[in-house]
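This is what each chain is made of:
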Amino acid sequence: MPGQEIPAESRVNYLNASYGVKSWLLTTDHKRIALLYLGSITLMFFVGGFFAVMMRLHLIEPQGALVAPETYNKLFTMHGVIMVFFFLVPSIPATLGNFLVPMMIGARDLAFPRLNLLSWYIYIIGAAFTLYAVISGGVDTGWTFYTPYSSTFSHTSVIPTALGVFITGFSSILTGLNFVVTIHKMRAPGLTWFRLPLFIWAMYATSIIFILGTPVIAITLFLLGLERLLHIGIFDPAIGGDPILFQHMFWFYSHPAVYIMILPGMGVMSELITCFSRKRIFGYTFVAFSSLAIAIISFLVWGHHMFVTGQSIYAGLIFSVLSFLVAIPSAVKVFNWTATLYKGSISYDAPMLYALGFIGLFTMGGLTGLFLASLATDVHLSGTYFIVAHFHYIMVGGAVMAYLGGIHFWWPKITGRMYPDGWARFAALVIFVGFNLTFFPQFVLGYLGMPRRYAVYPGEFQVLNVMSSAGASILGIGYLIPLIYLLWSIRYGPIAGPNPWGAKGLEWETPSPPPTENFEEIPVVTQDAYDYANVGGSRV
Amino acid sequence: MTGLMQTGFTDLAAAVATIPIHPTSASSIADSVDHLYYFLTAITLFFTFAIFATIFFFMVKFRRRSPDEQPADTTTHLALELTWTIVPTLITVVIFVWASSLYFENSRPPEAATEIFVVGKQWMWHIQHPEGPREINELHVPVNAPVKITMTSDDVIHDFYIPAFRVKKDAVPGRYTSLWFQATKIGTYHIFCAQYCGADHAEMIGWVYVMSPTDYAAWLSGGARNETMAQTGERLFTQLGCVTCHVADNTGRGPSLVGLYGKQEKLRNGDTKLVDEALIRQAIVTPNSIILPNYPPIMPTFQGQINEEQVLQLIAYVKSLGTEERKTNGK
Amino acid sequence: MSEVPVSEMAMHGAHPPGFKHQFEDMEQQREAGSLGMWVFLVTEIMFFGGLFATYIIYRTLYLTAFEEGSRLLNVKFGAANTAVLIGSSLTMALAIHAAQAGKKKSEQVMYLVLTMILGALFLFLKFNYEWRADYHEHLIPGFGFIIRPEWGAAGTHVPLYFCFYFFMTGLHAMHMIIGFGILGTLTVMAQRNRFNSEYYAPLEVSGLYWHFVDIVWIFLFPLLYLIGGRFALPGVH
């Protein structure tokens with residue numbers, strides 16, 4: 001019966017099954033690959049975060065405190081490129097997704113384990129190109145690469161950066177492919193679609209976007225590179241091209257991409273909320289279908305990034321109404337998570353604190369999206385700090401907090417160790433406070449009219465900028481704390497049992513850390529997900 | 001020590017008191033945009049606080065009191081699900097209708113709007129009044145009169161943004177975009193470039209000067225005796241040789257341009273196009289994309305020979321050929 | 001993962017060779033492989049689709065230039081290549097059928113090699129005849145492209161047409177080269193008697209890929225080669 005604890009040191013698990021660099025670099029075990037990703041994206045997070053710190057330090061003075069404008073322009077570009085493509089997009093899917101998808105469905109591995117390893121190598125190669133671009137002078141086009149600035153005017157490392165992003169895109173595509181096939185074909189006996197954990201629904205919906213959207217950004221960046229090399233006139237109007245076409249193609253991927261960044265976090269939410277209120281999710285079917293609805297509608301709204309480009313007002317109307325529509329499934333999820341708490345048995349462990357922070361901050365970030373879906377207000381707010389605040393509330397207040405919550409929740413399963421709870425809760429609080437202090441003033445700045453991507457700014461905006469920078473330093477410290485204690489816990493943390501949280505789910509019915517093949521025998525599932533009312537029972 | 005702390009707090013309080021919360025409202029639409037903005041803020045704050053408060057309340061009321069506490073199993077509740085799906089949908093419909101109708105109003109300039117032309121180029125705004133005066137990074141306008149800005153870019157995409165008027169539009173190379181406003185308060189307001197355009201994007205800023213009608217008229221006619229845009233255009237028309245083909249009495253190799261602006265022109269391929277600024281620009285820059293039934297496609301392109309401001313001057317000249325008044329110095 | 005050596009039979013039990021251990025049985029493996037290839041082809045459709053969409057937009061804007069460019073392509077080679085590719089899809093299907101019907105390995109290998117030959121012929125005709133001629137006639141953007149006076153005003157956009165031509169056919173050719181590598185691997189496997197009526201999933205799945213590459217060409221050929229109106233009826237345009 002899982003629950004008997006053999007001391008981790010003497011039990012064979014996926015971590016100690018084999019040793020040596022080759023056993024890690026040539027592994028096909030989804031759990032090891034998840035850890036390879038974890039290391040890589042953590043590195044990229046801190047590189048991107050370093051650029052953010054530099055930006056906020058620079059902006060404490062209206063004339064710029066730190067760097068020349070050309071350098072500042074490179075800082076915000078590289079911060080965006082690295083955070084979007086090399087941290088947020090892969091974060092939860094490549095780490096928690098890779099680790100948990102087979103385990104949650106009772107499989108031994110993903111459908112294509114070698115393809116999974118290839119995905120990681122492709123990510124590394126793409127990251128290498130981009131980091132090369134960073135070192136070789138940087139890139140200053142903004143992460144959005146708008147033409148004709150990026151195709152004709154910029155004198156920075158555009159092609160290596162675009163190439164790096166292009167290559168890494170294939171990593172996402174293959175991960176999405178692997179997840180879709182695995183979820184379709186390798187569920188344990190008895191595990192019907194509507195018994196799946198909602199994390200799996202979220203991964204499935206995310207994978208649909210990976211598969212349909214990423215190839216389009218690949219082609220777009222390829223065409224951009226071609227234009228830059230050969231001066232053909234695809235996007236440069238001076239030679240007959242259309243710069244707005246670039247925006248359409250870019251946003252056709254990049255809008256669904258933001259849902260790639262949030263859907264997995266929503267999946268994590270469903271797992272955390274149910275476990276830490278010890279209750280079945282409220283409205284399972286609605287939450288499951290809302291993930292699919294978000295994935296599908298996300299492909300129809302890209303034009304809301306282009307309301308002020310001079311596009312027809314009728315196009316604006318259509319994109320506006322669809323953008324409102326895509327907000328509804330997210331609202332449904334928030335209400336269902338909140339309702340799950342009702343009459344639950346709620347504990348305040350660190351993962352739950354992250355989850356609750358997510359719900360509030362995501363709500364606020366999502367609602368500020370309404371300001372931007374509204375045509376009349378978007379005209380005033382587009383291109384200002386309001387946009388910056390909006391997406392950071394969702395990406396950082398939402399996605400990153402969900403990521404941290406998930407990392408903490410599954411940490412004992414992944415490592416067999418527990419982290420110090422006091423420090424974890426403290427860090428969650430520091431992050432929450434630092435985050436709000438950083439980004440709330442930016443809503444005000446945007447409404448006042450301060451444009452984004454400004455290396456210098458009029459003096460009347462200084463107080464709000466200083467507040468934001470103060471928050472950023474707190475936030476930065478907040479992120480360093482988990483880095484330290486999580487690493488510490490690998491060696492010195494107390495040994496964790498198979499299910500320290502008393503959670504429901506097939507992954508919790510294996511030892512911590514799990515053996516390489518996950519399950520000695522493939523389980524047969526007879527119950528719904530989150531069946532917390534079934535006291536002490538397992539899913540089989 | 002306390003004295004120092006007191007000073008510190010006083011300074012902080014003073015600083016916080018200077019934090020602007022609300023931008024100046026100086027145009028006819030600013031207040032209505034703000035009303036929508038406040039409504040959205042109210043909704044955001046309401047739902048955010050409602051969710052936070054509910055969560056907080058539940059967290060406290062339903063906190064785990066013993067390690068093996070087992071709560072009851074609540075399943076879904078269809079009526080609740082439908083309610084919190086339909087109510088937000090209705091709210092978004094209200095917002096959408098409100099925002100869209102406001103947007104429609106704000107997109108259509110009144111007939112009598114004064115036209116002013118803007119060309120963005122790295123990293124400054126070139127502004128031209130049809131009466132002749134040119135400005136860089138400054139825009140003088142009369143109060144309580146509608147103004148239509150037609151703009152383009154000479155290089156990359158810029159964005160012309162006047163926060164106090166709540167208007168913004170990209171200046172896109174290769175095409176014309178426009179916005180309109182009616183300033184309601186005399187004063188000075190920021191102009192910002194709001195689309196990242198390279199090294200000095202943050203320096204591509206300026207001022208709008210809203211003046212009383214008399215002051216504005218004085219400003220317009222003050223300074224050196226300017227020629228109007230149309231007059232400059234006429235000079236270019238001769239200099240560049242346009243006049244050799246486009247003869248006014250239709251005896252040249254090209255069609256006469258008299259009375260052309262605003263007409264619906266039939267092309268060789270059967271399409272009918274309105275002759276507006278965009279079409280005239282297209283004819284100058286890529287002439288053989290517009291072929292007329294009775295004329296061979298022999299017009300050379302002037303792309304690269306003239307900049308966007310000069311194109312606008314030529315267009316002003318062509319427009320002037322369509323009206324009875326020609327060669328005027330004032331409005 | 002135990003380090004103790006165990007006989008293959010004991011480890012694999014009743015599983016045939018080629019079985020991958022993450023699966024429960026061959027049926028699941030086969031279905032997963034097939035679904036995986038279909039999903040991959042969907043991503044390829046989106047990949048090429050983005051290119052096709054951009055092509056369509058610019059063709060609408062610059063029809064004259066595109067027609068001028070299209071007239072300079074060698075329709076004979078294009079048509080021959082179309083026939084070659086369709087033939088190669090036939091031989092591929094026959095190879096799969098041979099395995100499915102339990103035919104001898106020599107028949108499987110023959111059809112696979114035929115497919116490779118036809119694929120190689122396609123690439124040879126394209127690179128050696130079409131592209132080489134294009135290079136000598138200065139029609140490759142970025143490699144000494146010369147705008148010809150007879151193109152008139154449309155001349156400035158003819159390089160854009162050829163950019164699309166080389167990018168789209170080049171991307172297609174790259175997919176064919178990858179397909180060539182896959183076919184080579186399959187030929188070696190067939191030669192080693194790996195495929196039979198019970199196990200031919202790799203052939204099936206690779207066949208899907210090859211047919212997809214063929215279908216992309218079926219779209220490319222008319223869009224690129226046949227828009228010049230060279231076969232216009234008298235009196236029309």
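What counts, and at which threshold
Residues numbered from 1 in each chain as written. Chains lettered and ligands numbered in written order. Predicted model: local features only at pLDDT ≥ 70, side-chain atom pairs only at ≥ 80, totals over all residues. Helix = DSSP H or I, 4+ residues; strand = E, 2+ residues; numbered from the N terminus. Rg over C-alpha atoms; globule rule 2.2 N^0.38 Å. Buried ≥ 20, exposed ≤ 12 C-beta atoms within 10 Å, placed from the backbone. Contact = placed C-beta atoms within 7 Å. Domains from an automatic or database assignment. Nonpolar A, V, L, I, M, F, W, Y, C, P; charged D, E, K, R; others polar. Bend = angle between axes of the 7 residues up to and from the residue. Pairing = 2+ DSSP bridges. Axes fitted to C-alpha atoms, helices over the stretch in contact; angles between N-to-C directions. pLDDT = per-residue confidence, 0-100. Core = buried A, V, L, I, M, F, W, Y, C linked by C-beta atoms within 7 Å. Parallel < 35°, antiparallel > 145°, perpendicular 65-115°, else oblique. Left-handed = near helix turned anticlockwise from the far one by under 90°.

All right, on to the overall build of chain B then. Secondary structure summary: chain B contains eight helices and twelve strands in total. The C-alpha radius of gyration computed for chain B amounts to 28 Å, which surpasses the reference 20 Å derived for 331 residues by more than 25%, pointing to a less compact arrangement than a globule. Principal-axis analysis of the C-alpha atoms gives chain B an extent of 100 × 60 × 35 Å. Expressed as a percentage of its 331 residues, the buried residues of chain B come to 35%. A separation of at least 24 residues holds for 67% of the contacts in chain B among residues at least 6 apart in sequence.

To continue, consider the overall build of chain A. For chain A, the helix and strand inventory stands at 16 helices and zero strands. By the compact-globule yardstick of 24 Å for 540 residues, chain A fits well, its C-alpha radius of gyration being 23 Å. Taken along its principal axes, the extent of the C-alpha atoms in chain A is 70 × 45 × 45 Å. Buried positions account for 67% of the 540 residues belonging to chain A.

Here we take up the domain arrangement of chain B. Residues and elements named next belong to chain B. The domains assigned to chain B are domain 1 (114-221) and domain 2 (229-321). One C-alpha centre belongs to domain 1, the other to domain 2, and the line joining them spans 26 Å. Contact residues are listed per partner, giving eleven residues for domain 1 and nine residues for domain 2. Of all the secondary-structure elements, those providing two or more residues to the side of domain 1 that touches domain 2 are strand 1 (114-121), strand 2 (124-128) and strand 5 (146-153).

Each partner contributes residues to the interface: chain A has 35 residues there, and chain C has 27 residues. At eleven residues, helix 8 (residues 198-230) of chain A tops the list of elements feeding residues into the side of chain A that touches chain C.

Residues and elements named next belong to chain A. Following the sequence through the fold, Gly49 ends up in helix 2 (residues 30-58). Residue classification places Gly49 among the partly exposed positions, given that 19 C-beta atoms sit within 10 Å. The sequence separation of Gly49 and Glu521 amounts to 472 residues, and the corresponding C-alpha distance is 43 Å.

Right, let's get into the interface of chain B and chain A. Facing the 75 residues of chain B at the interface are 76 residues of chain A. Of the residues forming the side of chain B that touches chain A, the biggest block, 15 residues, is contributed by helix 3 (residues 78-107) of chain B. Of the residues contributing to the side of chain B that touches chain A, the split by class is 41 nonpolar, 20 polar and 14 charged.

Residues and elements named next belong to chain A. Its maximal kink placed at Phe409, helix 14 (residues 385-415) deviates by approximately 40°, while the proline Pro412 follows within four residues. With 30 of 31 residues buried, helix 14 is to be regarded as a mostly interior element. Remark: Gly416 follows helix 14 within two positions and exhibits a positive phi of approximately 75°.

Let us now look at the sheet that holds strand 4 (residues 138-142) of chain B. All names here are of chain B. Strand order in this open sheet of five strands is 4-10-9-6-7, and the pairing throughout is mixed. The sheet terminates laterally at strand 4 and strand 7 (167-171), the two strands that pair on one side only. Ignoring strand direction, the axes of neighbouring strands in this sheet form an average angle of 20°. One ladder, built from five bridges, connects strand 9 (residues 187-193) with strand 10 (residues 206-211); its direction is antiparallel. Looking at the pairing, Gly187 lines up with Val210 of strand 10.

Residues and elements named next belong to chain B. Summarising burial for strand 7: five of the five residues are buried, a large majority. Bridging between strand 6 (residues 158-162) and strand 7 involves five bridges; their strand directions are antiparallel. Paired with Phe160 across the bridge in strand 7 is Lys169. The hairpin formed by strand 6 and strand 7 contains four residues between the paired strands, and Arg166 there has a positive phi angle of roughly 60°.

This part covers the confidence of the model for chain B. All names here are of chain B. Taken residue by residue, chain B gives an average pLDDT of 88. The fraction at 70 or more is 93%. The model gives residues 324-331 a pLDDT under 50, and that stretch makes seven contacts with residues more than four places away or in other chains. Here the prediction assigns the complex a pTM of 0.92, and the interface score ipTM is 0.92.

All names here are of chain B. In space, the five strands of this open sheet follow the order 3-2-1-5-8, with mixed pairing throughout. Single-partner strands in this sheet number two, and they are strand 3 (134-136) and strand 8 (177-182). Neighbouring strand axes in the sheet, compared pairwise and without regard to direction, differ in orientation by 25° on average. Two strands pair when backbone bridges link them, and strand 5 and strand 8 are joined in this way by six bridges, in the antiparallel orientation.

Ranked by internal contacts, the top residues of the largest apolar core, which has 327 residues, are Ile200 of chain A together with Val118 of chain B. Broken down by element, the residue count for this core peaks at 21 residues, all from helix 8 of chain A. Composition of this core by domain shows at least three residues from each of domain 1 (114-221) and domain 2 (229-321) of chain B. Leave out the neighbours within four places in its chain, and Val118 of chain B touches Trp125, Ile127, Ile149, Met151, Phe160 and Ala171 of chain B.

If you trace the backbone, Tyr457 of chain A turns up in the loop between helix 15 (421-448) and helix 16 (462-492). Overall, Tyr457 of chain A belongs to the buried group, with 22 C-beta atoms counted inside 10 Å. Separated by 377 residues in the primary sequence, Tyr457 of chain A and Gly80 of chain A have C-alpha atoms spaced 20 Å apart. In contact with Tyr457 of chain A, other than residues within four places in its own chain, are Pro62 and Met450 of chain A together with Ala202 of chain B.

Let's shift gears to the pairing of strand 5 of chain B. Residues and elements named next belong to chain B. Across the eight residues of strand 5, six count as buried, placing the element largely inside the fold. As judged from the seven bridges shared by strand 1 and strand 5, these two strands associate in the parallel manner. In the strand pairing of strand 5, Thr114 is matched with Val147.

On to the packing of helix 11 (residues 313-341) of chain A against helix 2 (residues 30-61) of chain B, then. Helix-helix packing: each pair is described by the crossing angle between the helix axes and the interaxial distance. At a closest axis distance of 9 Å, the pairing of helix 11 of chain A and helix 2 of chain B adopts a crossing angle of 20°. The orientation of helix 11 of chain A relative to helix 2 of chain B falls into the category roughly parallel. Judged by the twist between their axes, the crossing of helix 11 of chain A over helix 2 of chain B is left-handed. For the pair formed by helix 11 of chain A and helix 2 of chain B, the contact residues are Val334, Thr338 and Leu341 of chain A on the first element and Ile51, Thr54, Ile55 and Phe58 of chain B on the second. Tallied by class, residues from the contact of helix 11 of chain A with helix 2 of chain B come to five nonpolar, two polar and no charged.

Residues and elements named next belong to chain A. Relative orientation of the contacting elements helix 8 and helix 10 (residues 284-297) amounts to 10°, with a least axis distance of 9 Å. Viewed along their axes, helix 8 and helix 10 adopt a mutual orientation that is roughly parallel. Contacts between helix 8 and helix 10 involve Leu198, Trp201, Ala202, Ala205, Ile208 and Ile209 from the former and Val287, Ala288, Ser291, Leu292, Ile294 and Ala295 from the latter. For the contact of helix 8 with helix 10, the residue count by class is eleven nonpolar, one polar and no charged.

Once that is clear, we can look at the environment of Gly406 of chain A. All names here are of chain A. Within the element layout of this structure, Gly406 appears in helix 14. Through-space distance from the C-alpha of Gly406 to that of Leu96 is 7.5 Å; in sequence the pair is 310 residues apart. In contact with Gly406, not counting residues within four places along its chain, are Ile92, Leu96 and Val268.

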